[in-house]
Amino acid sequence: MRFSLPSFSRLGIKLFVIILVVNVAISGLVFIGVSRSLDQGFIEYLDRTQTRRAETLAEGLADEWARRGNWQWLRQSPRAWRYLVRHQLWPGEAAPPEGIERRLGDPRDFVLHDANGLPVIGLPPDNDQEAAELRWLPINSDGRQVGTLGYRPPQQLMARMDRIFLSQQRRNLAIIVAALGLASLLLAGGLSWWLGRRTGSMTLATRRLTDGDYSTRLTERGGDELSRLARDFNVLAATLEASREARSRWVSDIAHELRTPLAVLRGEIEAMQDGVRSLDQHSLGSLSQEVEQLERLVADLRLLSQSDAGALEVQLAPLDLADGLAAKLHEAEGALSDQGFSLTTNIEGPAWIRGDTQRLRQLWTNLLDNTCAYTRAPGKLHVALTRQGEHWRLSWEDTPPGVAEADLPRLTERLYRVEGSRSRASGGSGLGLSIAMALARAHGAEMTPGVSTLGGLCWTLTFPAIDDHQLTRDDT
């Protein structure tokens, strides 16, 4: 059975180094801070403890002087000095405690002089500097000074204990750093292996995406940032795939739309050239109609391309939506009646919005053309405009045939027809509703399809309203 070593990405290696350096730096800073705090607090503790023990020992020496009357017994017996120090500092204990307490009660740290300043007991300091730094306490008995007791200050005691303390701290620090290094190694190794797998799959999927394979997808696991990144990547891939399919379908549909009028033009021109048709006003009128159809198609395509590029020319200014809508419907009422459609309206006004009069007329024309092209005659068209909060709501409803709910979201797709036919008998180029959607968005409006109460299709447009204050300010 073969085992392969885990692969580590550059991100994992960087993460390993960062974790290791940060942990070592933190441990070093903690050690320095704690050491300084301990040093200061430790010296203060030694100072208080040593002074208290020296005072206790001085009181005990005063009692011994009162009982014996001299210091000769200490000069003759150094063991008696050690016993006296131990008995005074740790009364009732057979032996002094271990550790730093024993260091503070070492008989060698005390010096006893008689009333004349002559040494009685205790080893002299190692050098003159230490002798000058000794602290002295008077030993009084019956109101007179019978001697002095000298003791080492904490700084001298620390000089002797520093080597032990520092060696212990260095050993502890080495253990801490080694443990942190091992923990960092394990943590960074696991993270880098995990990140290597996640980022490796993302890198491979990104390479495939840049090569044009938009069908690639990432596995979405968990709810962390990498999972959200994978989800966003999948959305991007799906969007690019849909965009490529739409572009391909868009080019194919445009070619189909252009082929029909061009084929008609070519056929009629060839018929005239062969003498099958005469070159008269009727023939020229037919050619003119096909050219107009091409011009409308090219104009529609140009408008949509401008909308996609955000360059659609719209001059927004305060206007009465109700007035413009009513005027357009009044103009179209005769044409609707000739085609077998009855028009009813319920338009509240004035309805002030920011809009472009010409672009709105183009929007109403496209909706009228869609109604006339796809609604069976005789039919009805009902248009209502009402105020809803901060918006004006326009509903555009017609009679059957309706549209299945599954097809409603696709009605504004370019060159889309519900029946899937490219026959021109169904009317238009298939761009009218796409243009209407672009014009509505240019006015900050939402345009949504739905089922009409009359049995056909209902378009709902919601325009942002402007209040009297905004209207007055704009006029100014």
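Note that the structure is a prediction, hence the values are computed from the model and not measured.

**Student:** Can you walk me through the overall build of the protein chain in this structure?
**Tutor:** A tally of helices and strands in the protein chain yields 12 helices and 11 strands. When burial is assessed residue by residue, the protein chain has 36% of its 476 residues classed as buried. Sequence-distant contacts, at least 24 apart, represent 68% of the contacts inside the protein chain between residues at least 6 apart. As displayed, the protein chain has an accessible area near 28100 Å², and 55% of this comes from carbon and sulfur atoms.

**Student:** It is not clear to me how the sheet that holds strand 2 (residues 119-121) should be interpreted in this structure. Could you clarify?
**Tutor:** Within a sheet, neighbouring strands are paired by backbone hydrogen bonds and run either parallel or antiparallel to one another. Read from one edge to the other, the open sheet built from 4 strands follows the order 2-1-4-3, with strand pairing classed as antiparallel. Two strands in the sheet have a free side with no partner beyond their single neighbour: strand 2 and strand 3 (135-141). Taking the axes of each pair of neighbouring strands and ignoring which way they run, one obtains an average angle of 35° across the sheet. Pairing analysis gives 2 bridges linking strand 1 (residues 110-114) to strand 2, with the strands arranged antiparallel. Considered in strand 2, the bridge of His113 is made with Pro119.

**Student:** What is the right way to look at the pairing of strand 9 (residues 391-398) in this model?
**Tutor:** If a strand is regular, its side chains alternate between the two faces of the sheet. For strand 9, the tally of buried residues reaches 6 of 8 residues, placing the bulk of the element in the interior. Across 8 bridges, the pairing between strand 8 (residues 379-388) and strand 9 is antiparallel. Its bridge partner being in strand 9, Arg387 is matched across the sheet by Trp392. Turn length for the strand 8-strand 9 hairpin, with the two strands adjacent in sequence and antiparallel, is 2 residues, and the turn residue Gly389 shows positive phi of about 65°.

**Student:** Honestly, helix 11 (residues 432-442) in this entry has me stumped. Any pointers?
**Tutor:** Along an α-helix, a turn takes 3.6 residues, which lines up residues three or four apart on a common side. Most of helix 11 sits inside the fold, with 8 of its 11 residues counted as buried. Burial in helix 11 covers these residues: Leu433, Ser434, Ile435, Ala436, Met437, Ala438, Leu439 and Ala440. Positive backbone phi, at 75°, marks Gly444, one or two positions downstream of helix 11.

**Student:** Explain the packing of helix 9 (residues 321-338) against helix 10 (residues 357-374) to me, please; I cannot follow it from the model alone.
**Tutor:** Think of two packed helices as two axes; the pair is described by the angle between the axes and how far apart they sit. Here helix 9 crosses helix 10 at 35°, and the two axes come no closer than 10 Å. Seen from above, helix 9 lies across helix 10 with right-handed handedness. Every residue of helix 10 that contacts helix 9 at Leu321, Gly324, Leu325, Lys328, Leu329, Glu331, Ala332 and Leu336 is listed here: Leu360, Arg361, Trp364, Thr365, Leu368 and Cys372. Residue classes in the contact of helix 9 with helix 10 are distributed as 9 nonpolar, 2 polar and 3 charged.

**Student:** Looking at this model, I keep getting lost on the environment of Glu241. Mind explaining?
**Tutor:** Secondary-structure assignment places Glu241 in helix 7 (residues 225-274). On the accessibility criterion, Glu241 (22% relative accessible area) is partly exposed. Once residues within four sequence positions are removed from consideration, Glu241 is found in contact with Tyr214, Ser215 and Arg217.

**Student:** Which parts of the structure should I look at to understand the confidence of the model for the protein chain?
**Tutor:** In regions of low pLDDT, the predicted coordinates are not meant to be interpreted in detail. Residues at a pLDDT of 70 or more form 73% of the protein chain, whose mean pLDDT is 76. At the level of individual helices and strands, the protein chain shows its lowest average pLDDT in helix 4 (residues 100-104), which scores 52, and its highest in strand 9, which scores 93. Contacts from residues 1-6, a stretch scored under 50 in pLDDT, to residues over four places away or in other chains number 1 contact. This stretch, residues 420-427, has a pLDDT under 50; its non-local contacts, to residues over four places away or in other chains, come to 17 contacts.

**Student:** Hey, could you run me through the pattern of salt bridges in this one?
**Tutor:** Note that side chains of opposite charge can pair when their charged atoms are close. Scanning the entire structure with this criterion turns up 4 salt bridges. Its salt-bridge partner being Glu270, residue Arg266 comes within 3.1 Å of it at the nearest N-O pair. One end of the pair is Arg266 and the other is Glu270, both in helix 7 and 4 residues apart, which spans about a single turn. Note on Arg266: relative accessible area 56%, which makes it exposed. Since its relative accessible area comes to 35%, Glu270 is described here as partly exposed. Glu331 is the partner of Arg361 in a salt bridge, and the nearest nitrogen-oxygen pair spans 2.9 Å. In this pair, Arg361 is assigned in helix 10 and Glu331 in helix 9, connecting sequence segments 30 residues apart. Under the relative-accessibility criterion, Arg361 is labelled partly exposed at 28%. Several salt bridges converge on common partners, so that one network encompasses Glu64, Arg67 and Arg68.

**Student:** I tried to follow the nonpolar core on my own but got confused; where do I start?
**Tutor:** The nonpolar side chains of soluble globular proteins are, as a tendency, buried together. In this structure, Trp364 and Trp396 are the most contacted members of the largest nonpolar core, which totals 46 residues. Breaking this core down by element, the ones donating at least two residues are helix 8 (281-308), helix 9, strand 6 (341-347), helix 10, strand 8, strand 9, helix 11 and strand 11 (457-464). Beyond its immediate chain neighbours, meaning those up to four positions away, Trp364 contacts Leu321, Gly324, Leu325, Lys328, Leu394, Trp396 and Phe463. Counting 23 residues, the second largest nonpolar core, distinct from the first, contains Ala62, Trp90, Leu112 and Ile139.

**Student:** It is not clear to me how the packing of aromatic side chains should be interpreted in this structure. Could you clarify?
**Tutor:** For any pair of aromatic rings, the description consists of the separation of the ring centres together with the inter-plane angle of the planes. All told, the structure shown has 2 aromatic pairs when counted by the stated rule. Judged by centre distance (5.3 Å) and plane angle (35°), the ring pair of Trp65 and Trp71 falls under tilted. A relative accessible area of 3% places Trp71 in the buried class. Between Trp364 and Phe463, the ring centres sit 6.5 Å apart and the planes meet at 65°, which makes this aromatic pair edge-to-face. Of this pair, Trp364 sits in helix 10 while Phe463 sits in strand 11, and the two are 99 residues apart along the sequence. An identical accessibility class is assigned to Trp364 and Phe463; each is buried. The lysine or arginine in question, Arg68, covers the ring of Trp73, its NZ or CZ lying 4.1 Å from the ring centre.

Criteria and cut-off values
Residues numbered from 1 in each chain as written. Predicted model: local features only at pLDDT ≥ 70, side-chain atom pairs only at ≥ 80, totals over all residues. Heavy atoms only, no water. Helix = DSSP H or I, 4+ residues; strand = E, 2+ residues; numbered from the N terminus. Buried < 20%, exposed > 50% of the residue type's maximum accessible area, 1.4 Å probe, protein only. Contact = heavy atoms within 4.5 Å. Areas by Shrake-Rupley, 256 points an atom, 1.4 Å probe, with all protein chains shown as cover. Pairing = 2+ DSSP bridges. Axes fitted to C-alpha atoms, helices over the stretch in contact; angles between N-to-C directions. Left-handed = near helix turned anticlockwise from the far one by under 90°. Nonpolar A, V, L, I, M, F, W, Y, C, P; charged D, E, K, R; others polar. pLDDT = per-residue confidence, 0-100. Salt bridge = Lys/Arg side-chain N within 4 Å of Asp/Glu carboxyl O. Core = buried A, V, L, I, M, F, W, Y, C linked by side-chain atoms within 4.5 Å. Phe/Tyr/Trp six-rings, centres within 6.5 Å; stacked < 30°, edge-to-face > 60°. Lys NZ or Arg CZ within 6 Å of the ring centre and 35° of its normal.

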